[in-house]
Every structure is written in structure tokens, then in C-alpha cells.
Amino acid sequence: MSTEHDGADALMTAITGEPLPPGAHEDAAFLAEHRAAEADLEVLREQLGVIGHALAEPPPATPAPVPAPALPVRRSPRPRRRAFSLVLGGLAVAAAASVMAGMGWLMSGGGTGAADSSSLDAGSSAEKQSDAGGVAFGSARYLACSRLVAEGEATAVERLPGTTTLRITLSLTRVYLPEVPEEDAKGSKPDEEQVFVVDENVVPGIRAGDPVLVGVPRGADQPDFWAVGERQIALERAMVTASLPEARELTCG
């Protein structure tokens, strides 16, 4: 049975994203169940992100039949892409099954113990899709309309007094966008250190030293996408690097 405080249900509050009722921060049982439910929802969002990226991948073109060569030849890189797509498709199926099972389990009130939240990877992705018209992060269209896409390390994480807001300082280690050749004029590259202000619910559990990947749309000061932890960054990195060539041919609009 889910814990309640002043008529508010901990599980449903986490699912709907409503603010905690007054005095809930002093209710240890309610607060613990609410945090565990939020952690469970992060796992489900992460799995949905894997599905979204897999479904966004266009199916590989079927190669035309080629006569058997008389001599051994090198394989074209196309089968490798096909194999990658098939693996991604398999991941999507597995993730979908996991999401459906997990959602039923979550709605039944499971996963409220401390052991459940401790099993989560500290590097869960904070968001899986940008807010700019529902364009998936890492897609060519997202990149074409981005001011900054970069990896870095969280060198400082500070909570603003009396708020749930965090000031996060990132030391950039790899910049995908903007693409600026070394010989270009100084000052056109992004600063090696970036400071962002974000609600703690967007990046729950982030700590100094965590690897981070962010995306900032054109005309914006703050990221609309965060991935924290090497496991999630590796998935997003593959999508970004694969989409960059196509993004160079697009204009934002």
C-alpha cells in the first residue's frame, strides 16, 4: 500500500510530477517512498529512450544482388550498419518488455525499499528527448538546431540556499557542436568551463566528478538535454556521432 501524507499519495505524486504537500519533507516514510518512486521512473524513462532511438533509426537499404566474386573481396561497411540496426532493434524489443513489466510493477506499489534505489546506476539519463518540438536528442535535426552539444565533467555541484535548484559547473572535454577548426579565430569556440542552473529533479543524484553530456538549443542559455554517467553517455554519443554528417547538410528551421 502506498504511503500518504495529507491525502497525497507518494507514488502518484512522483508519477504526475506534482509538488510535495506541505510538511512532506518532515514525513520520513512518505519522502523515502516518493524518492524511490522517482528513481524507478528514471529507469523506465531510460528504457523508453533506448526504444525511441532504436525506432528513429531508419531501416537500412536492401543491397542489390551482386554476383559472387571470383576472388575474395573486402566487405562493404553497409552490412556492419545493418548488424548495428538489428542489434538496436533487439535492444528495443527487450527494453519494451522491461518497460511494460516495470510499469505494471511500479503501479502495483512495488519498489519502495532502499535496496531498490541503491541498485540504480548513478549515471542515469536525466532526459531522453529535447523540448524543441519533440525532436529526439542526437538526431540530425536536433544537432542542426543546437548551439552546444558537448561532454564534460561536473567539477562542482552547488545547491542554491533554500531551493531545489543546482548550480552545476562543467569542464568540457569533448565538443561536438559548434564544430570549429583549430585554425579558426579565437573566441569562436565555447568556453572550456560552462555553468548551468537546473532543478535537481532534472539531474537527480548528480555529483562532482560525474561525466555529463548536454545539449543546448540555439537561442537558449540552459540545456534541454542531460545525460549523466558513462553508460548513458555511450548510447547518446553513438547517436550524435552517427548523425553529425547529415546535420551538416541541414539548416535549422
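Structural notes, computed from the coordinates. (Residues numbered from 1 in each chain as written. Predicted model: local features only at pLDDT ≥ 70, side-chain atom pairs only at ≥ 80, totals over all residues. Heavy atoms only, no water.)

**A closer look at the side chain of Ser 146**
Here is step 1: Here Ser 146 is to be found in strand 3 (residues 146-159).
Here is step 2: For Ser 146, the side chain forms a polar contact with the main-chain oxygen of Tyr 142, separated by 2.7 Å.
Here is step 3: Residue contacts for Ser 146: discarding those within four places in its chain leaves Leu 177, Val 216, Pro 217 and Arg 218. (Helix = DSSP H or I, 4+ residues; strand = E, 2+ residues; numbered from the N terminus. Polar contact = N/O pair within 3.5 Å; in protein donor to acceptor, adjacent residues only side chain to side chain. Contact = heavy atoms within 4.5 Å.)

**Section: the state of the cysteines**
By definition, a disulfide links the sulfur atoms of two cysteines through a covalent bond.
Here is step 1: Tallied over the entire structure, the rule returns one disulfide.
Here is step 2: A disulfide bridge connects Cys 145 with Cys 252, and the sulfur atoms are separated by 2.1 Å. Every disulfide takes its handedness from the sign of the S-S torsion; for Cys 145 and Cys 252 that torsion is 110°, giving right-handed. You can see Cys 145 sitting in the loop between helix 5 (140-144) and strand 3 and its partner Cys 252 sitting in the segment after helix 6 (230-247), a full 107 residues away along the chain.
Here is step 3: With relative accessibility at 38%, the residue Cys 252 sits in the partly exposed group. (Disulfide = S-S within 2.5 Å. Buried < 20%, exposed > 50% of the residue type's maximum accessible area, 1.4 Å probe, protein only.)

**A short note on unusual backbone geometry**
Here is step 1: A cis amide bond, omega 0°, links Leu 177 with the succeeding residue Pro 178.
Here is step 2: By the element assignment, Pro 178 lies in the loop between strand 4 (165-177) and strand 5 (193-199).

**Here's the deal with the nonpolar core**
Here is step 1: Ile 168, Leu 170, Phe 196, Val 203, Ile 206, Val 212 and Trp 226 are the most contacted members of the largest nonpolar core, which totals 16 residues.
Here is step 2: Put simply, the parts of the chain that give this core at least two residues each are strand 3, strand 4, strand 5, strand 6 (211-217) and strand 7 (225-228).
Here is step 3: Considering every element that reaches this core, the biggest residue donor is strand 4, with four residues.
Here is step 4: Setting aside anything within four residues of it in sequence, one finds Phe 196 in contact with Leu 148, Leu 166, Arg 167, Ile 168, Leu 170, Val 214, Val 216, Asp 221, Gln 222, Pro 223 and Trp 226.
Here is step 5: Counting residues in each nonpolar core, the second largest holds 14 residues, with Ala 140, Tyr 142, Leu 143 and Ile 233 among its members. (Core = buried A, V, L, I, M, F, W, Y, C linked by side-chain atoms within 4.5 Å.)

**Some words on the sheet that holds strand 3**
Hydrogen bonds between backbone groups are what pair the strands of a sheet, and the pairing can be parallel or antiparallel.
Here is step 1: Taken in spatial order, the five strands line up as 5-4-3-6-7 in an open sheet, and their pairing is antiparallel. Each end of this open sheet is capped by a strand with a single partner; those strands are strand 5 and strand 7. The sheet shows a mean angle of 35° between the axes of neighbouring strands, taken without regard to direction.
Here is step 2: Judged from the seven bridges that link them, strand 3 and strand 6 form a sheet pairing that is antiparallel. Bridging across to strand 6, Glu 151 finds its partner in Leu 213.
Here is step 3: With respect to the sheet, helix 6 is in contact with strand 3, strand 4, strand 6 and strand 7, its orientation differing from that of strand 4 by roughly 45°. (Pairing = 2+ DSSP bridges. Axes fitted to C-alpha atoms, helices over the stretch in contact; angles between N-to-C directions.)

**Quick notes on the packing of aromatic side chains**
Here is step 1: Counted according to the given criterion, the structure contains three aromatic pairs.
Here is step 2: Between Phe 137 and Tyr 142, the aromatic rings sit 4.9 Å apart at their centres with planes inclined by 65°, giving edge-to-face as the arrangement.
Here is step 3: Judged by its relative accessible area of 4%, Tyr 142 is buried.
Here is step 4: Using a relative accessible area of 0% as the deciding quantity, one classes Phe 137 as buried.
Here is step 5: Taken together, Phe 137, Tyr 142 and Phe 225 form an aromatic cluster joined through their ring pairs. (Phe/Tyr/Trp six-rings, centres within 6.5 Å; stacked < 30°, edge-to-face > 60°.)

**Things to note about the pairing of strand 3**
Here is step 1: When strand 3 meets strand 4, the two strands line up antiparallel, connected through 10 bridges. The partner of Val 149 across the bridge, within strand 4, is Leu 177.

**Some words on the pattern of salt bridges**
Here is step 1: Tallying each qualifying case throughout the model produces four salt bridges.
Here is step 2: The salt bridge involving Glu 151 is made with Arg 237; its shortest N-O contact spans 2.8 Å. Highlighted residues: Glu 151 in strand 3 and Arg 237 in helix 6, separated in sequence by 86 residues.
Here is step 3: Across the pair Glu 230 and Arg 237 runs a salt bridge whose closest N-O atoms are separated by 3.2 Å.
Here is step 4: The exposure class assigned to Glu 230 is partly exposed, which follows from its relative accessible area of 42%.
Here is step 5: A single network of salt bridges, built from pairs that share partners, joins Glu 151, Glu 230 and Arg 237. (Salt bridge = Lys/Arg side-chain N within 4 Å of Asp/Glu carboxyl O.)

**A look at the environment of Thr 13**
Here is step 1: Mapped onto the fold, Thr 13 is located in helix 1 (residues 10-16).
Here is step 2: For Thr 13, a relative accessible area of 5% corresponds to the buried category.
Here is step 3: Separated by 25 residues in sequence, Thr 13 and Glu 38 have C-alpha atoms that sit 9.3 Å apart.

**What to know about the environment of Ala 150**
Here is step 1: Note that Ala 150 resides in strand 3.
Here is step 2: Between the C-alpha atom of Ala 150 and that of Thr 173, which follows or precedes it by 23 residues, the distance is 7.6 Å.
Here is step 3: Among residues more than four places away in sequence, those in contact with Ala 150 are Leu 172, Arg 174, Val 175, Tyr 176, Val 212, Leu 213 and Val 214.

The quantities given are spatial measurements derived from coordinates; they are silent on function.
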